[in-house]
Amino acid sequence: MPTPIRRQYLELKQRFPETILFFRLGDFYETFDDDAKLVASELQITLTSKPMGKDIRVPLAGVPYHSIDGHVAKLVGRGYRVAICEQMADPAEVKGLVPRDIVRVVTAGTVTAESSLDAHAPNYLAAMVSRRDGTALALADITTGEVRLATGDEALDELLRSAPAELLVEDGEAPAGVTVALCRRPQVSDFQAANEVTRQFGEHARAGLVPGEAEAAALAHILIYLRETYPAALGSLQRVRQVAGGQVLTVDPRTLRNLDVLGSDGRASLFSVLNLAKTPMGARLLRTWLTHPLREAPALEARLDAVGWAVSHPIEREQCQAVLRSMPDAGRLAGRVGSRAAAPRDLHGLRTALRATLDLGAILARQDLPAMLADARQRLAGAAEPLLALDAALDDDPPSSFDEGGVIKPGFLGEIDTLRAMTRDARGFLLGLERLERERSGIKTLKVGHNRVFGYYIEISASNAGLVPAHYQRRQTLVGAERYVTEELKEYESRLVGARDRLVELEKQAFAQLVETLAAGLAGLQAVAEALAFIDLALGLGEAAALRNYVRPAFNDGSRLSLVGARHPVVEAALGAGRFVPNDCLLDDGCQVVILTGPNMSGKSTYLRQVALIALMAQAGSFVPAAEADLPLFDRIFTRVGAQDDLAAGQSTFMVEMVETAQILHRATPQSLVILDEVGRGTSTFDGMAIARAVVEFLHNRREIAARTLFATHYHELTSLEGVLPRVRNAHVSVREEGSDVVFEHRIVPGPSDRSYGIHVARLAGLPSAVVSRAQHLLDELEASRDGVRPVPADTAPRLQPSLFGGPSAVEREVGALDVEGMTPLEAIQRLYELRALARRGNQP
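Summary of the structure given here.

Rules of the game
- Residues numbered from 1 in each chain as written.
- Predicted model: local features only at pLDDT ≥ 70, side-chain atom pairs only at ≥ 80, totals over all residues.
- Heavy atoms only, no water.
- Helix = DSSP H or I, 4+ residues; strand = E, 2+ residues; numbered from the N terminus.
- Contact = heavy atoms within 4.5 Å.
- Buried < 20%, exposed > 50% of the residue type's maximum accessible area, 1.4 Å probe, protein only.
- Pairing = 2+ DSSP bridges.
- Axes fitted to C-alpha atoms, helices over the stretch in contact; angles between N-to-C directions.
- Parallel < 35°, antiparallel > 145°, perpendicular 65-115°, else oblique.
- Left-handed = near helix turned anticlockwise from the far one by under 90°.
- Nonpolar A, V, L, I, M, F, W, Y, C, P; charged D, E, K, R; others polar.
- Phe/Tyr/Trp six-rings, centres within 6.5 Å; stacked < 30°, edge-to-face > 60°.
- Lys NZ or Arg CZ within 6 Å of the ring centre and 35° of its normal.
- Salt bridge = Lys/Arg side-chain N within 4 Å of Asp/Glu carboxyl O.

Focus: the side chain of His-568
Phase 1: Residue placement: His-568 occurs in the loop between β18 (561–566) and α21 (569–575).
Phase 2: Every residue in contact with His-568, bar those within four places of it in the chain, is listed here: Phe-580, Thr-606, Arg-609, Gln-610 and Leu-613.

Okay, here's the thing in structure tokens:
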């Protein structure tokens, strides 16, 4: 027969069968059965067992309550879902079974522990659904309260570039190309979706912000999921924003990866180069700007005005950044307020951020600011009201917990002050009692102490046992000493414990009321955090522009891209100032496609990427690495670079290349920028050359595509297209030959390249000299054959390897005709001399 606790556990576990359940028992969170085995293995902790009824012993693994966050973070990071079961009453006040319930379920999209989060990236929970009116995506970051909606074709693009931590989908297949953690959910009805949205955001949201069935259903899935897993998080979700597809330059995850926009595994990236923001809020906004560049010129000009002010006001910029540098993450702290999960130190951090916000506002108030900075400065004033509430109620340096009091500021509540004085005087009372008892008993070594198990006591050594007063009551025996209590000490302990309990209770109540006061103004706190993020990012981009000599880009209404002295921002940052060779680029109505040839390692791929990165930086709102930059507003940037297999999908390198190229050809428009690097190299030479040429012709000849294109290739035959297609131009990377060596100048100049210099690169890479020599010999043969000239080896060069062309050589024919079995050793040696002589004559019989 299971024990009551066992039955309680099984009932809770039945509600979340696919989730690891941490069950609170006193000072530990325990796991049982298969959960215990899994947790012990994953966390490398001891697996033991516990009796849970007659003849019932179950596996057990537990962790202390104070370390639960770190253990949960590890499990969630490895893809598990974790349910937290708490004791819903004080065990000391309950007779019988302590009531328990699951207070939250931690998943990849609902995790809030700092150890599980990237301070520089949002942590999205997403839901994607399809209805009669189309497809919709909802995204929510419960750590900040951000909610976004996207519909139609933009929904999948937004899903891929936002990289949510967890995706909710209705029964059926997940979207193609999505690799995040999936959670399948039952379909919600239109009626249920409408009710959920109205319940959370009000009638106006259902009618205005979330008009479509698909949008309402996607948002409802997130709300329902949070209500099941972490209901308190709903308090942080205040408003919904639409992602307007026509206003955003689409950059898919492949392009972000190919261009090293965000980076991974510690690699240098555009984000790392531009991220001079001083707060996590500014860094997260930079990530958003880089993944969601704009297509609207007025909004871009407003961003660039703000960055330009930061460039031209270095002293004021540094003053503002000095304030921002030590500012806590107000955005995520506001999110904790909204979910009612804020601890005393969280509010202390929020107060520090709000004070710094007013200091920042005072500095900016003295400046003549462009529009977006001026608007952000005005929103900073919203910090004043919550700061007053915090200053009035929160202690100047609150502890991390309520155990000993000190959270609420003295003078805020009279009863708290009285109880705090009583507990503060406990030390003085104990010293006085110790002194008095020594005088009464005559025992000079008598001590008064306290521990958590036995409470307050009087300790007397065994050598003084004969002097113990009769009214002392023995409480504990030690080696060499005895511990006693008196009625006076027990009475004081009772009063003191009661006072401490009451103090903790009152401080918790006052703190909860303070959190509710702040939560009532959560929209204002979130607006302050957004303003701080914008100011921080504008100043950071201004610092980057000034530090690295970037210029403000200009935008035109046509399709002309003109870059003078352009540089690759990431490579330049790695090399250091002045070491990168700048290059120009022109794409216009007379030059739609540039075919770029040149040696390996000469900088072709760098050139292609830098043009794409400059276009992305400009439409994100950043200054760019160039002497001059005049660009159109692109709708998409496509890249097909590098080589990789997709083994999980059963696709070879060449198949991946062709799939990516096909997607580009199907989706590109005349407003797109296309970067193609070595298309066709994954198959045979003639197949690859044919495909590469067909791709260029398709991009050039189809009016509905006609995208601005940079095409790097080693197929020199493609350079002939300049004379066939009117908007194709050739360019190559300049190389200077110095004897047998070559020097890559990294300059892009007009016209085709005549050689690839691959063997020189092989020599630079350290291939054995024999391999390099043989490769040069074979190359000479190939080139001679192509020109119709039979290669004639030098008289002294032994022909130890077969010709690449024609039939067997004379030596080979002679060897093939030998009767090896019928020859004597002497005859074999003689014949070998003859064959050597034949080889030295150049195989001429």
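Side note on helix α4 (residues 153–162)
Phase 1: Within α4, 7 of the 10 residues are buried, leaving the element largely enclosed by the surrounding structure.
Phase 2: Residues Glu-154, Ala-155, Asp-157, Glu-158, Leu-159, Arg-161 and Ser-162 constitute the buried set of α4.
Phase 3: Phi for Ala-163, located one or two positions after α4, is positive at around 50 degrees.

What about the sheet that holds strand β21 (residues 628–631)?
Phase 1: Reading across from one edge, β17-β21-β18-β19 is the order of the 4 strands in this open sheet, with mixed pairing throughout. On the outer flanks of this sheet lie β17 (554–555) and β19 (583–587), each paired with one strand and no other.
Phase 2: Where β17 meets β21, 2 bridges bridge the pair, whose relative direction is parallel. Looking at the pairing, Ala-554 lines up with Asp-630 of β21.

Digging into the sheet that holds strand β14 (residues 455–461)
Phase 1: Pairing is antiparallel in the open sheet, where 4 strands are placed in the order β13-β14-β16-β15. Both outer strands of the open sheet, β13 (447–451) and β15 (473–478), are each paired with one neighbouring strand and no more. Taken pair by pair, the neighbouring strands of this sheet meet at an average axis angle of 35 degrees, ignoring direction.
Phase 2: Two elements, β13 and β14, share 5 bridges in a ladder whose sense is antiparallel. Its bridge partner lying in β14, Lys-447 is registered against Glu-459.
Phase 3: Its contacts with the sheet place helix α19 (residues 487–520) against β14, β15 and β16 (481–485), and it is angled at close to 145 degrees to β14.

Observations regarding the packing of helix α17 (residues 414–424) against α19
Phase 1: Here α17 crosses α19 at 140 degrees, and the two axes come no closer than 9 Å. What the angle tells us is that α17 and α19 run oblique. The two elements α17 and α19 meet at a crossing, and its hand is left-handed. Residues Glu-415, Ile-416, Leu-419, Arg-420, Met-422 and Thr-423 of α17 lie in contact with α19, whose contacting residues are Tyr-492, Arg-495, Leu-496, Ala-499, Arg-500, Arg-502, Leu-503, Leu-506, Glu-507 and Ala-510.
Phase 2: Of the residues in the contact of α17 with α19, the class split is 9 nonpolar, 1 polar and 6 charged.

What to know about the environment of Leu-347
Phase 1: Relative to the elements of secondary structure, Leu-347 occurs in helix α14 (residues 344–365).
Phase 2: Among the residues examined, Leu-347 registers a relative accessible area of 0% and is labelled buried.

Side note on the packing of aromatic side chains
Phase 1: The final tally for this structure, using the stated rule, is 6 aromatic pairs.
Phase 2: Aromatic pair Tyr-9 and Phe-23: ring centres 5.6 Å apart, planes at 85 degrees, arrangement edge-to-face. A residue pair is termed long-range when its members are at least 10 positions apart, and Tyr-9 in helix α1 (residues 4–15) and Phe-23 in strand β1 (residues 20–25) qualify at 14 residues.
Phase 3: Relative to Phe-534, the ring of Trp-289 lies with its centre 6.1 Å away and its plane at 55 degrees, an arrangement referred to as tilted. Remark: Phe-534 occurs in helix α20 (residues 522–548) and Trp-289 occurs in helix α10 (residues 280–291); sequence separation between them is 245 residues. The two residues Trp-289 and Phe-534 agree in class, both being buried.
Phase 4: An aromatic cluster of at least three residues, connected via ring pairs, comprises Tyr-9, Phe-23 and Phe-32.
Phase 5: When the ring centre of Trp-289 is taken as origin, the NZ or CZ atom of Arg-303, which lies over that ring, is 3.9 Å away.

As for the packing of helix α11 (residues 297–312) against α20
Phase 1: Running from amino to carboxyl end, α11 crosses α20 at an angle of 55 degrees, the nearest separation of the two axes being 8 Å. For the element pair α11 / α20, the angle class is oblique. Crossing of α11 against α20: the hand is right-handed. Between α11, through Ala-306, Val-307, Trp-309, Ala-310 and Val-311, and α20, the contact on the second element is made entirely by Phe-534, Ala-538, Leu-539, Leu-541, Gly-542 and Ala-545.
Phase 2: Here the contact of α11 with α20 is composed, by residue class, of 10 nonpolar, 1 polar and no charged.

Points about the pattern of salt bridges
Phase 1: What the rule picks out here adds up to 52 salt bridges.
Phase 2: Salt-bridge contacts for Glu-196 lead to Arg-227; the nearest nitrogen and oxygen are separated by 2.9 Å. In this pair, Glu-196 is assigned in helix α5 (residues 190–201) and Arg-227 in helix α7 (residues 213–229), connecting sequence segments 31 residues apart.
Phase 3: Residue classification places Arg-227 among the partly exposed positions, given a relative accessible area of 24%.
Phase 4: For Arg-345, the salt bridge goes to Asp-397, with nearest N and O atoms at 2.7 Å. Taken together, the residues Arg-345 in helix α14 and Asp-397 in the loop between α16 (384–393) and α17 connect sequence positions 52 residues apart.
Phase 5: Relative accessible area serves as the criterion here: at 36%, Arg-345 is assigned to the partly exposed category.

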